[in-house]
Amino acid sequence: MNPLLRKFPLMRSCKEVTALVVAQEDRALPATERVALRVHMAMCKACPVFERQMLTMRNAMKQWRSYASGD
Amino acid sequence: MSATDFEQQLVAQRGYLMRFARLQLRNDAWAEDAVSETLLAALAKPQAFEGRSQLKTWLVGILKHKIIDTLRQRQREVLLDSGSEDDSFDPLEHMAFKADGHFAQRPSDWGNPEQDLNSRQFMAVLDACNEKLPPMQARLFLMREWLELSSDEICKELGLTATNLYVQLHRARLRLRECLELNWFASR
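Given the structure is predicted, the values throughout are model-derived calculations rather than measurements. (Residues numbered from 1 in each chain as written. Chains lettered and ligands numbered in written order. Predicted model: local features only at pLDDT ≥ 70, side-chain atom pairs only at ≥ 80, totals over all residues. Heavy atoms only, no water.)

Caption draft 1: Just the nonpolar core, in detail. If you look at the biggest cluster of nonpolar residues, it comprises 80 residues, and the most contacted ones within it are A:W64, B:I67, B:L140, B:W146 and B:L180. Ignoring any residue separated from it by four or fewer positions in sequence, one finds A:W64 in contact with B:F20, B:L23, B:M123, B:L126, B:D127, B:N130, B:L142 and B:W146. (Core = buried A, V, L, I, M, F, W, Y, C linked by side-chain atoms within 4.5 Å. Buried < 20%, exposed > 50% of the residue type's maximum accessible area, 1.4 Å probe, protein only. Contact = heavy atoms within 4.5 Å.)

Caption draft 2: Structural detail: the interface of chain B and chain A. Between chain B and chain A, the residue contacts involve 48 residues of the former and 31 residues of the latter. Of the roughly 3500 Å² buried between chain B and chain A on both sides combined, carbon and sulfur atoms contribute 64%. Summed over the shared surface of chain B and chain A, the result is five salt bridges. Taking the shortest distance from any N to any O, the salt bridge between B:R173 and A:D26 comes out at 2.8 Å. Inspection of the chain B/chain A interface yields 19 residue pairs in polar contact (both at pLDDT 80 or more). At the level of elements, α2 (14-25), α4 (55-73), α7 (114-118), α8 (120-132), α9 (135-145) and α11 (162-185) of chain B are the ones that each hand at least two residues to the side of chain B that touches chain A. For the side of chain B that touches chain A, the leading source of residues is α11(B), giving 10 residues. Here the residues of the side of chain B that touches chain A are counted per class, giving 24 nonpolar, 10 polar and 14 charged. (Buried area = accessible area lost by both parts, 1.4 Å probe. Salt bridge = Lys/Arg side-chain N within 4 Å of Asp/Glu carboxyl O. Polar contact = N/O pair within 3.5 Å; in protein donor to acceptor, adjacent residues only side chain to side chain. Helix = DSSP H or I, 4+ residues; strand = E, 2+ residues; numbered from the N terminus. Nonpolar A, V, L, I, M, F, W, Y, C, P; charged D, E, K, R; others polar.)

Caption draft 3: Up close: the side chain of B:N130. Along the chain, B:N130 turns up in helix α8. Setting aside its immediate chain neighbours within four residues, B:N130 contacts A:M61, A:W64, B:L23, B:R26, B:A138, B:F141, B:L142 and B:L176.

Caption draft 4: Region of interest: the packing of aromatic side chains. Inspection of every chain in the model, using the stated rule, returns 10 aromatic pairs over all chains. Ring centres of A:W64 and B:F20 lie 5.9 Å apart, and the angle between their planes is 75°; this geometry places the pair in the edge-to-face category. Residue A:W64 is found in helix α3 (residues 47-67), and its partner B:F20 is found in helix α2; the two belong to separate chains. The pair A:W64 / B:F20 is uniform in exposure class, with both members buried. (Phe/Tyr/Trp six-rings, centres within 6.5 Å; stacked < 30°, edge-to-face > 60°.)

Caption draft 5: Structural context of the layout of surface pockets. Residue and element names in this part refer to chain B. Empty space within the largest pocket amounts to approximately 270 Å³. Taken together, 15 residues line the largest pocket, and the ones lying closest to its centre are M95, A96, P107, R177 and E181. The leading source of residues in the lining of the largest pocket is α11, at five residues. (1 Å grid on protein atoms, 1.4 Å probe; cavity = no way out; pocket = protein on both sides within 12 Å on 5 of 7 lines; lining within 4 Å. Points joined across faces, edges and corners; volume = space filled by probe spheres on them.)

Caption draft 6: Spatial organisation of the pattern of salt bridges. Taken as a whole, this structure holds 16 salt bridges over all chains when the rule is applied. A salt bridge links B:E148 to A:R65, with the nearest nitrogen and oxygen atoms 3.7 Å apart. Of this pair, B:E148 sits in the loop between α9 and α10 (151-158) while A:R65 sits in helix α3, each in a different chain. Accessibility expressed as a relative area gives 49% for B:E148, which makes it partly exposed. With relative accessibility at 17%, the residue A:R65 sits in the buried group.

Structure (structure tokens):
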């Protein structure tokens, strides 16, 4: 990323966004981080793919949970 | 249903219960105890089962409570890591990022695998990936995903700080992602 862009408070790198996407599974993000996440997602081609992987994992764990709960 | 029929049906579920007790507790002796206590509790009040359709579901419900008791009582040991490098390794550092923090390579598209997720083969891979997590990470991750406790509840039960919990869950989730990528999505 252009180092100048880093000055904007809502700019995040893919690595930071990846960590936020994972963190969301276990805690509510502060409002600034939520906005920064959406801003990044709107401009990035790679991070939305990662976000879909996390969604798939969430669905997978839901299936696993019902299989591991005798349903 | 006679008393002995009921007993036999309970004993038949032992293997199933042991599997998940082991996966969650990562300690065979604790798992044995939790499962035995579950079966004893079920034996003591067969009337509680009346009218329920699934014996397995009822037993898993009891087992989950017994397991939460064990985790609470053993909190110090539950939170002990094995001391191997695996425990402190952050999988994020292993992903394809450039020096400036941007993806060097786009993550792979896992598609929309609804059918897959229901399959027996996928469940086997997911089981294996859960088993491969380091013990402390696995316990905390499954407290979220199997016992369905909130992060706050986990911290309270174990006397753990939120920051510590989030670090462990972050590692566990990324590890599981990598394991699924390697063993399922990349090899389809």
